[in-house]
Amino acid sequence: MKTKSTNYIHLEFLSRSANEAFARGAAACFAAQLDPTLEELGDIKTAVSEAVTNAIVHAYPDSLGKIVMRARILEGDVLEITIRDWGRGIPDVDKARQPLYTTGGEERSGMGFTIMESFMDTLTVRSSEGKGTRVTMRRRIVPRRVSR
């Protein structure tokens, strides 16, 4: 079922680590139109950082590749962010979503999907080996009351 958006952005960038900060900043700037709290913005930035870092480290471990971030404002003040790559793909998504599981070596914590899941309302991961991965996260931003 398609969900109608009231606004969106579409960004494409190389899988360079420097672009992780760009993606998280762009997501925060886009989300700002919903008037989130600083805590909500921090959560969104952290989730985007984890998703983009996963694409950089795991999808393209030995080369540069394309990453696309799409952010949409959906009805009901829901922010949806999708991070897509065309890299290696994940052989077993269920296993990859388990805390502490990593294919990135000792320096990786294996907590990326767990962090995304804890900071967002929903997390969907779709992947095909050799074709890439799509991570979609949603978070409802509760409108704040304006005191008079």
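This structure is a prediction, so every number in the text was calculated from the model and none was measured. Residue positions are counted from 1 within each chain, in the order its sequence is given. Totals for whole chains, interfaces and linings use all residues, but because this is a predicted model, local features are given only for residues with pLDDT of at least 70 and pairs of side-chain atoms are given and counted only at 80 or more. The side-chain numbers reported here are obtained from all heavy atoms of the structure, hydrogens and water having been left aside.

Chemist: I would appreciate a short explanation of the pattern of salt bridges in the present structure.
Modeler: Pairs can form between side chains of opposite charge whenever their charged atoms are close. Any Lys or Arg side-chain nitrogen located within 4 Å of an Asp or Glu carboxyl oxygen qualifies as a salt bridge. According to the stated counting rule, one finds three salt bridges in the structure shown. A salt bridge links Asp43 to Arg139; the shortest N-O distance between them is 2.9 Å. Of this pair, Asp43 sits in helix 2 (residues 38-59) while Arg139 sits in strand 5 (residues 132-140), and the two are 96 residues apart along the sequence. Relative accessible area serves as the criterion here: at 13%, Asp43 is assigned to the buried category. Of the charged contacts, one joins Arg138 and Glu80 as a salt bridge, the two residues approaching to 2.8 Å between their closest N and O atoms. A helix here means a DSSP run of H or I that spans at least four residues, while a strand means a run of E at least two residues long, and both kinds are numbered starting from the N terminus. Accessibility here uses a 1.4 Å probe with only protein chains present; expressed as a share of the type maximum, an area under 20% marks a residue as buried, one over 50% as exposed, and anything in between as partly exposed.

Chemist: When you look at the packing of helix 2 against helix 4 (residues 112-119) in this model, what are you seeing that I'm missing?
Modeler: Two numbers describe a pair of packed helices, the interaxial angle and the distance between the axes. Between helix 2 and helix 4, the least distance of the axes is 9 Å, while the angle of their chain directions is 155°. One way to sum up the angle between helix 2 and helix 4 is to call them roughly antiparallel. Helix-helix and strand crossings are classified by hand; for helix 2 and helix 4 the assignment is left-handed. Touching Asp43, Thr46, Ala47, Glu50, Ala51 and Asn54 of helix 2 are Gly112, Phe113, Ile115, Met116 and Phe119, all from helix 4. By residue class, the composition of the contact of helix 2 with helix 4 is six nonpolar, three polar and two charged. Only the contacting stretch of a helix is used when fitting its axis, a line to C-alpha atoms as for every element, and angles between N-to-C directions run 0 to 180 degrees. Orientation labels follow simple angle bins: below 35 degrees gives roughly parallel, above 145 gives roughly antiparallel, 65 to 115 gives roughly perpendicular, and whatever is left gives oblique. Take the far helix as the reference: if the near one is turned anticlockwise from it by less than a right angle, the crossing is left-handed, and if turned clockwise, right-handed. Contact criterion: two residues are considered in contact whenever any of their non-hydrogen atoms come within 4.5 Å of each other. Only Asp, Glu, Lys and Arg are considered charged in this grouping, and only Ala, Val, Leu, Ile, Met, Phe, Trp, Tyr, Cys and Pro are considered nonpolar; every other residue, Gly among them, is considered polar.

Chemist: I'm lost on unusual backbone geometry in this one. Help?
Modeler: Excluding glycine, residues mostly have negative phi values, and the peptide bonds linking residues are mostly trans. In this structure, Asp35 is a non-glycine residue whose phi angle is positive, near 60°. Structurally, Asp35 is set in the loop between helix 1 (18-31) and helix 2. Given a relative accessible area of 41%, Asp35 falls into the partly exposed group. Of note in this structure, Asp77 is not a glycine but carries a positive phi near 60°. Of note, Asp77 is situated in the loop between strand 2 (66-74) and strand 3 (78-85).

Chemist: How should the packing of aromatic side chains be read in this particular structure?
Modeler: Aromatic ring pairs: the centre-centre distance and the angle between the two ring planes describe each pair. Pairing of aromatic side chains here covers Phe, Tyr and the six-membered ring of Trp, requires ring centres within 6.5 Å, and sorts the geometry by plane angle: under 30 degrees stacked, over 60 edge-to-face, intermediate tilted. Across all of its chains, the model carries one aromatic pair by this definition. By definition, being over a ring means that NZ of Lys or CZ of Arg is both within 6 Å of the ring centre and within 35 degrees of the ring normal. Sitting over the ring of Trp86, Lys66 keeps its end group 4.4 Å from the ring centre. Across the ring face of Tyr8, the terminal group of Arg70 is positioned such that the distance to the ring centre comes to 4.7 Å.

Chemist: Can you help me understand the nonpolar core in this one?
Modeler: Inside soluble globular proteins, nonpolar side chains tend to come together where they are buried. Buried Ala, Val, Leu, Ile, Met, Phe, Trp, Tyr and Cys residues form a nonpolar core when they are joined through side-chain atoms within 4.5 Å. Counting 36 residues, the largest nonpolar core has Val48, Met69, Ile81 and Met137 as its most contacted members. Elements represented by at least two residues in this core include exactly helix 1, helix 2, strand 2, strand 3, helix 3 (93-96), helix 4, strand 4 (122-128) and strand 5. Element by element, the count of residues in this core is highest for helix 2, at nine residues. Ignoring anything within four residues of it in the chain, the contact list for Met137 reads Ala47, Val48, Ala51, Leu79, Glu80, Ile81, Ile83, Met116, Met120, Thr122 and Leu123.

Chemist: What am I meant to see in the environment of Arg126 here?
Modeler: Positionally, Arg126 belongs in strand 4. Overall, the relative accessible area of 59% leaves Arg126 in the exposed class. Separated by 37 residues in the primary sequence, Arg126 and Gly89 have C-alpha atoms spaced 8.9 Å apart. Residues in contact with Arg126, not counting those within four places in the same chain, are Gly132, Thr133 and Arg134.

Chemist: I tried to follow the side chain of Glu40 on my own but got confused; where do I start?
Modeler: By secondary structure assignment, the location of Glu40 is in helix 2. Charged residues are defined here as Lys and Arg on the positive side and Asp and Glu on the negative side; His and the ends of the chain fall outside this count. Although Glu40 lies buried, it forms no salt bridge, and the closest oppositely charged side chain, Arg139, sits 4.3 Å away as judged by the N-O distance. With residues up to four places along the chain from it excluded, the contact list for Glu40 reads Arg139, Arg140, Ile141 and Val142.

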